[in-house]
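Summary of the model geometry
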Amino acid sequence: MQKIVILGSTGSIGKNALNIVRCFPDQFQVVGLAAQSNYALLERQVKAFRPSVASLADKSAAAILAKRLQGTGTEVLGGPEGVIETASLPAADRVISAIVGSAGLLPTLAAIYANKTVALANKETIVMAGELVMREAKSRNVAVLPVDSEHSALFQLLENRKSHEIKRVILTASGGPLLRLSEQKKKTISQKEALAHPTWKMGPKISIDSATLMNKGFEMIEARWFFDLPESQIDVVIHPQSIVHSFVEFVDRSLIAQMGFPDMRIPIAYAMFHPHRESLPFKLPDLTAFPSLTFEPPKPKSFPLLTIAREALQTGGTMPAVLNRANESAVAAFLEKRIGFLDIHKIIRKVLDAYSPSPINTVDDVLLADRWAGLKTERCIQTVSRK
Ligand code: MG
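What comes next concerns the included structure. (Residues numbered from 1 in each chain as written. Predicted model: local features only at pLDDT ≥ 70, side-chain atom pairs only at ≥ 80, totals over all residues. Heavy atoms only, no water.)

Quick notes on the packing of aromatic side chains
- The tally for this structure, following the rule as stated, stands at eight aromatic pairs.
- Ring geometry for F226 against F227: centres 6.0 Å apart, planes inclined by 40°, an arrangement best described as tilted.
- Since its relative accessible area comes to 11%, F226 is described here as buried.
- Centroid distance F261 to F290: 6.4 Å. Interplanar angle 40°. Geometry classified as tilted. Separated by 29 residues along the polypeptide, F261 in the loop between strand 11 (255-259) and helix 12 (265-273) and F290 in the loop between helix 12 and helix 13 (304-315) bring together distant segments of the chain.
- When the ring centre of F303 is taken as reference, the NZ or CZ atom of K186 above it lies at 4.9 Å.
- Lying over the aromatic face of F282, R265 brings its terminal NZ or CZ to 3.8 Å of the ring centre. (Phe/Tyr/Trp six-rings, centres within 6.5 Å; stacked < 30°, edge-to-face > 60°. Buried < 20%, exposed > 50% of the residue type's maximum accessible area, 1.4 Å probe, protein only. Helix = DSSP H or I, 4+ residues; strand = E, 2+ residues; numbered from the N terminus. Lys NZ or Arg CZ within 6 Å of the ring centre and 35° of its normal.)

A short note on the sheet that holds strand 10 (residues 244-250)
- Read from one edge of the open sheet, four strands run 9-8-10-11, paired in mixed fashion. Only two strands of the sheet have a single neighbouring strand rather than two, namely strand 9 (234-238) and strand 11. Geometrically, the sheet is characterised by an average inter-axis angle of 25° between neighbouring strands, direction not taken into account.
- Of the pairings in the sheet, the one linking strand 8 (residues 166-173) to strand 10 comprises five bridges and is antiparallel in character. Within the sheet, the bridge partner assigned to L171 lies in strand 10 and is S246. (Pairing = 2+ DSSP bridges. Axes fitted to C-alpha atoms, helices over the stretch in contact; angles between N-to-C directions.)

Next up, the structure:
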């Protein structure tokens, strides 16, 4: 029986992870759940899974939850420090880190410091502080398992391979809902159109990141740290059907793909059961029902954020943390209808151009860069939205 904590249990990954727990009640016991502010759903999850601790980062939401859960035996913690405490519960073996955005960094580090196996869905943690996170995990002999479908694919392809055998890895990108749209049309695209992802069902932030391809830029940075590969060995190809989740090209020019129907439950389960594979009771389309598979290079002009992400990765240090925060704030501003779709990359470019990166020695270096970028991005957003 594995004792698990789910950080971000009310989000898309968290709900899927709980679905898997529901299918395997003899294999998992939920000991902690954490979310941002959705107390109504967290209350239902607590009543169904009976964890010893539930936490909400939003303190007023936590107060409501505490009232509703009185007498149930589940302790309610509030505030970011409550989430961090949940991430490091002594009873837990494995922590599924699925908080969206930079709020996932400190809880994920807390889980690593507490020697938990981490199933990491929160890619922003790796983008912001991949070097630090992997260094801390390695020094404690803590496994950090990727949940992101592309990295789950690469992880499966690269297990027990020597680094000198690898020529490059190729991340696949669906291209998002705006792949064939002209730049002119993108100017006036609505939030709803940008959110309509063609193949994956995901939360709003990552759906916008998929439409801009920032998501793939982040995934290049993720691959850098998960697999200790130089930037020059990480490529991206557009594959609109999302059936191939990534390729590894070996030095003998053999190209190996990991494939499957685009359903996040598969990589989530892989990270939950690893090192074992479990038979999953889901009905999915058969191979013969798969669409034809196509591959094309991403056009740099259509996806400037892919180029910007590669530059940030090359620069290194605190630059990716600034990229992450600039993107998080710009995407939020787009979702709040304060700026247009094409303003996202323009604002991010401005913020990065104004920044002088430094090396990452401690987590404070990352948090400082994050704070600087938050303020700078907000000023850029205000300039654009006033026009
Ligand atoms: Mg992905």
